Amino acid sequence: YMQDENGERVDKFVEKFVPGKIYACRAILTNVSSIDQQIEILSQIPTGSIPVDSGFKTRTSFMKLRPYTTNQYKFYFYFPEIGKF
């Protein structure tokens, strides 16, 4: 996060990846229906990056979303060097 010119907290988006810096990917999942939803999440880190914190290159996860709820799904990675992948 970062603060804008009014002091409000806003998301900080990556414009350029820096080697050795850990990045997070966050997905916000919302069930706007009145019934449970079983969902399948396919996640993949960028080519050339290394997984962090018991991470993965590619993973399929399953999640149950209760009615009218929101969950967060996060994973982390870094680039070991500058390159074109």
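One structure accompanies this document, and this report is about it. (Residues numbered from 1 in each chain as written. Predicted model: local features only at pLDDT ≥ 70, side-chain atom pairs only at ≥ 80, totals over all residues. Heavy atoms only, no water.)

Before going further, it helps to examine the pattern of salt bridges. Opposite charge on two side chains permits pairing when their charged atoms draw close. All told, the structure shown has three salt bridges when counted by the stated rule. Its salt-bridge partner being Asp 11, residue Arg 26 comes within 3.2 Å of it at the nearest N-O pair. With Arg 26 in strand E3 (residues 22–30) and Asp 11 in the loop between strand E2 (9–10) and E3, this pair connects stretches of sequence that are 15 residues apart. Among the residues examined, Asp 11 registers a relative accessible area of 38% and is labelled partly exposed. For the salt bridge of Asp 36 with Lys 64, the shortest nitrogen-to-oxygen distance reads 3.3 Å. Taken together, the residues Asp 36 in the loop between E3 and strand E4 (37–44) and Lys 64 in strand E6 (residues 58–65) connect sequence positions 28 residues apart. Each of Asp 36, Lys 64 and Arg 66 takes part in one network of salt bridges that share partners. (Salt bridge = Lys/Arg side-chain N within 4 Å of Asp/Glu carboxyl O. Helix = DSSP H or I, 4+ residues; strand = E, 2+ residues; numbered from the N terminus. Buried < 20%, exposed > 50% of the residue type's maximum accessible area, 1.4 Å probe, protein only.)

What follows deals with the packing of aromatic side chains. Tallied over the entire structure, the rule returns seven aromatic pairs. Plain terms: the ring middles of Phe 17 and Tyr 23 are 4.9 Å apart, the flat faces sit at 85 degrees to each other, and that makes the pair edge-to-face. Classification of Phe 17 as partly exposed rests on a relative accessible area of 40%. Here Tyr 23 falls in the buried class, since its relative accessible area comes to 8%. Taken together, the ring pairs in this structure connect Phe 17, Tyr 23, Phe 77 and Phe 79 into an aromatic cluster. (Phe/Tyr/Trp six-rings, centres within 6.5 Å; stacked < 30°, edge-to-face > 60°.)

The next thing to look at is the environment of Ser 61. Mapped onto the elements, Ser 61 comes out in strand E6. Sequence spacing of Ser 61 and Gln 37 is 24 residues, and the spatial spacing of their C-alpha atoms is 14 Å. With sequence-adjacent residues up to four places away left out, Ser 61 is seen in contact with Ile 39, Glu 40, Ile 41 and Tyr 73. At 3.0 Å, the side chain of Ser 61 and the side chain of Tyr 73 are in polar contact. (Contact = heavy atoms within 4.5 Å. Polar contact = N/O pair within 3.5 Å; in protein donor to acceptor, adjacent residues only side chain to side chain.)

As far as function goes, none of this settles anything; it's purely spatial.
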